[in-house]
Amino acid sequence: MLKPALYAQAGIPFYWRIETGDGELVVHTHRIDPVDEVYTETGRWTKFVDTGEPFPVNLSIARITPRHL
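The structure presented is a predicted model; accordingly, all values stated were derived computationally and were not measured.

> Got a sec to walk through the environment of histidine 30? Specific residues and values, please.
Position of histidine 30 relative to the elements: it lies in strand 2 (residues 24-33). Remark: the alpha-carbon pair of histidine 30 and tryptophan 16, spanning 14 residues in sequence, is separated by 6.0 Å. Residue contacts for histidine 30: discarding those within four places in its chain leaves Pro13, Phe14, Tyr15, Trp16, Arg17, Tyr39, Thr40, Glu41 and Thr42.

What follows is the structure, encoded as structure tokens:
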């Protein structure tokens, strides 16, 4: 079972995922559908994260620095 499904079953209301690829970051935001216990994508952000859920966030993605292993 994948982590998002486990988080949804646990009732975690919001799930964010940050992906790296092609030299840039993409932030994906999701909100749970409490009836079906699955996440619905609420945004895909490449320049700024600007959302009101679960609290107001306005953040330049350039300020997020990926770890280099």
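Now, onward.
> Would you mind going over the pattern of salt bridges in detail, with residue names and values included?
According to the stated counting rule, one finds three salt bridges in the structure shown. When the shortest N-O distance is used, the salt bridge between arginine 17 and glutamate 19 registers 2.9 Å. As a salt-bridge pair, arginine 31 and glutamate 53 come within 2.8 Å of each other at their nearest N and O atoms. Here arginine 31 is found in strand 2, whereas its partner glutamate 53 is found in the loop between strand 4 (48-51) and strand 5 (57-60), with 22 residues between them in sequence. The exposure class of arginine 31 is partly exposed, given its relative accessible area of 38%.

Reading the values: the criteria
- Residues numbered from 1 in each chain as written.
- Predicted model: local features only at pLDDT ≥ 70, side-chain atom pairs only at ≥ 80, totals over all residues.
- Heavy atoms only, no water.
- Helix = DSSP H or I, 4+ residues; strand = E, 2+ residues; numbered from the N terminus.
- Contact = heavy atoms within 4.5 Å.
- Salt bridge = Lys/Arg side-chain N within 4 Å of Asp/Glu carboxyl O.
- Buried < 20%, exposed > 50% of the residue type's maximum accessible area, 1.4 Å probe, protein only.

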